[in-house]
Amino acid sequence: MRIGPPLIRRCSACQGFFEETNIQSTNTFGACLWTDGRLMASMCPVGDWLVKCPHCEAFLWIDEQEYLGEFPDDFYPDDIDPDDIENGNFILDPDDFDPELKNAEHYETPSTDEIFSVLEKGELPENKERHLRVRVWWSENNERRYMFADGFDDHEIPLSDRESGNIKRLFGLLDHSGEEDRIMMAEIKRELGEFEAAKELLEGPFPRRLTFAVSTIKDLIDKQDPFVAPIIVPPGAEREWNDEDEDVEVIYDVFVGDED
Ligand SMILES: [Zn+2]
């Protein structure tokens, strides 16, 4: 993973400056994809769309915040020297420089509770609601993931009311005609313990790159197992799979924020 100099944006609520990590390249070596679509990959972090302003704590859609530019590679906010600005040592246009840039801090990532509070307020466009519901689905499944990865049997944690309410709402936002959405719908039904409905959603042909997701979820349905699990890729298959489709790491990723 290559990280570039921080990107700087301005909060539309308080006009304060904040930083965004500038991820220039990622890879998925050693990554593990889970049945809920979450890719656990240290070299391929999930991008944040909804963020929290480090100054005023407003929740912000990051791509809707004014973009000012990026700092140079060796830049740290505390090091700003106005003389450097004068000398043009910044990638940011010196005309745009504001002494307040010294106060730029990295945005905060909203907690699961905070995302639920945003969802409860409603009035979100469907794509944003869908994004947030997938996010909290994943984050609430993390405890099961960690337990599973550590070999503990007690990853079998029943869904809370909040979790089941969330994935039921998410189900209604998915598009049955899309193959990836249909796998997510099947996974939601499976996690809700509605195994017959889950099985029906997995009928019909799927593209080859989705084969392992489908077969893993089908096996779990047969075992009447409703808990999130890693997608099983047979030894030797992964390489062929990756070569075939570079989009493999975003099978169910619904991050749709615009790139600058
Ligand atoms: Zn703010």
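Residues numbered from 1 in each chain as written. Predicted model: local features only at pLDDT ≥ 70, side-chain atom pairs only at ≥ 80, totals over all residues.

### What to know about the overall build of the chain
Part 1 of the reasoning: Across its full length, the chain holds 8 helices and 8 strands.
Part 2 of the reasoning: In the chain, which comprises 260 residues, the share counted as buried stands at 25%.
Part 3 of the reasoning: Within the chain, residue pairs in contact and separated by at least 24 positions form 62% of the contacts whose partners lie at least 6 positions apart. (Helix = DSSP H or I, 4+ residues; strand = E, 2+ residues; numbered from the N terminus. Buried ≥ 20, exposed ≤ 12 C-beta atoms within 10 Å, placed from the backbone. Contact = placed C-beta atoms within 7 Å.)

### Describing the packing of helix H4 (residues 161-173) against helix H5 (residues 179-191)
Part 1 of the reasoning: Taken N-terminus to C-terminus, the directions of H4 and H5 make an angle of 155°; their axes are 10 Å apart at the nearest point. The angle between H4 and H5 falls in the class roughly antiparallel. Between H4 and H5 the crossing geometry is left-handed. Judged by residue contacts, Ile 167, Leu 170 and Phe 171 of H4 engage Met 185, Ile 188 and Glu 191 from H5. (Axes fitted to C-alpha atoms, helices over the stretch in contact; angles between N-to-C directions. Parallel < 35°, antiparallel > 145°, perpendicular 65-115°, else oblique. Left-handed = near helix turned anticlockwise from the far one by under 90°.)

### Remarks on H4
Part 1 of the reasoning: Over its 13 residues, H4 runs 19 Å from end to end, which matches the ideal 18 Å to within 8%, given 1.5 Å per residue.
Part 2 of the reasoning: Every buried residue of H4 is listed here: Asn 166, Ile 167 and Leu 170. Projected down its long axis, H4 shows its buried positions confined to an angular sector of 90°, all on one face. Turned more than 90 degrees away from the buried face of H4, the exposed residues are Asp 161 and Gly 172.
Part 3 of the reasoning: In this fold, the buried residues of H4 make contact with helix H3 (126-149) and H5. (Expected span 1.5 Å × (residues − 1). Arc of directions from axis to C-beta.)

### Focus: the packing of H3 against H4
Part 1 of the reasoning: Put simply, H3 and H4 touch, their axes get as near as 9 Å, and they point 140° apart. Regarding H3 and H4, the two cross each other, and that crossing is left-handed. Residues Glu 126, Glu 129, Arg 130, Arg 133, Val 134, Val 136, Trp 137 and Glu 140 of H3 form the contact with H4, whose participating residues are Glu 163, Asn 166, Ile 167, Arg 169, Leu 170 and Leu 173.
Part 2 of the reasoning: Residue classes in the contact of H3 with H4 are distributed as 6 nonpolar, 1 polar and 7 charged. (Nonpolar A, V, L, I, M, F, W, Y, C, P; charged D, E, K, R; others polar.)

Shape descriptors only; they carry no functional weight alone.
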